[in-house]
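A look at the structure
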Amino acid sequence: MSAVIGGWVAGYAMAVLSTIALTYLAMRPGAARFVGRWLAVDVSKTLVAIPIFVGTTLGWTMAGLIFGSAYKVGGFDTKPGALGAPSWVFVLIIVAIAWLPLPILVMLGRRYWWLWCSMSLAFVGLFGWLMPVLAER
């Protein structure tokens, strides 16, 4: 049960970080045309953060529950640890998953490479390190 709760905690933290990143992208001056197609003129762009937060919270906490369950069911808690993480195999899997969207995101928004890389590093830190540490407690 602690692995599932640890996954939920990591997912919630990732949702907060994703909300900050997506709100930053929505508030950029160049995003006014794109956001304007989806919102009415009288809707404040600041209010966009609320549905973004609700959506990312739902998505990331569900992903956290799945990762926590996979950690426990896959028996990764019995694997040897490395670099402070309880399971080096699970960290390696999380790193591979974090790498997957990077080439596509960099092709779509090359100016924001730093944002895509920091979100991937946060994903690895939260799901590859924090979640297993919380699962072991």
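Owing to the predicted nature of the structure, the values given are computational and were not obtained by experimental measurement.

Some thoughts on the overall build of the protein
Along its length, the protein carries six helices and zero strands. In the protein, the order of α-helices and β-strands from amino to carboxyl end is α-α-α-α-α-α. Burial statistics for the protein: of 137 residues in total, 36% are counted as buried. Contacts spanning at least 24 positions in sequence make up 73% of the contacts within the protein whose residues lie at least 6 apart. Summed over its atoms, the accessible surface of the protein is roughly 8,400 Å², and 78% of this surface lies on carbon and sulfur atoms.

Some details on the packing of aromatic side chains
Centre-to-centre distance and the angle between the planes together describe a pair of aromatic rings. Applying the stated criterion across every chain, the model contains 10 aromatic pairs. Between Y12 and F53, the ring centres sit 6.1 Å apart and the planes meet at 85°, which makes this aromatic pair edge-to-face. One end of the pair, Y12, is in helix α1 (residues 2–27); the other, F53, is in helix α3 (residues 49–73), with 41 residues separating them in the sequence. With relative accessibility at 29%, the residue F53 sits in the partly exposed group. Summarising the aromatic geometry, the rings of F67 and F123 are spaced 5.8 Å apart at their centres and angled 70° between planes, so their arrangement reads as edge-to-face. Pair noted here: F67 is in helix α3 and F123 is in helix α6 (residues 113–135), with a separation of 56 residues, a long-range link. By relative accessible area, which is 6% here, F123 ends up buried. Members of the aromatic cluster, joined through ring pairs, are W60, F67, F123 and F127.

Thresholds, definitions, all that
One numbering rule holds for all chains: residues counted from 1, following each sequence as written. This being a predicted model, a pLDDT of at least 70 is required before a residue's local features are given, and a value of 80 or more before pairs of side-chain atoms are given or counted; all residues contribute to the totals for chains, interfaces and linings. Hydrogens and water are ignored here; the side-chain numbers use all heavy atoms of the structure. Elements are defined by DSSP. Helices are runs of H or I of four residues or more, strands are runs of E of two residues or more, and each kind is numbered from the N terminus. Throughout this description, buried means an accessible area under 20% of the type-specific maximum (1.4 Å probe, protein chains only), exposed means over 50%, and partly exposed covers the range between. Only heavy atoms matter for contacts: two residues are in contact if any of them lie within 4.5 Å across the pair. Note on areas: these come from Shrake-Rupley sampling with a 1.4 Å probe, and a residue is covered only by the protein chains present in the view. Pairing of aromatic rings covers Phe, Tyr and the six-membered ring of Trp, with a centre-to-centre limit of 6.5 Å; geometry is then stacked below 30 degrees between planes, edge-to-face above 60, and tilted otherwise.

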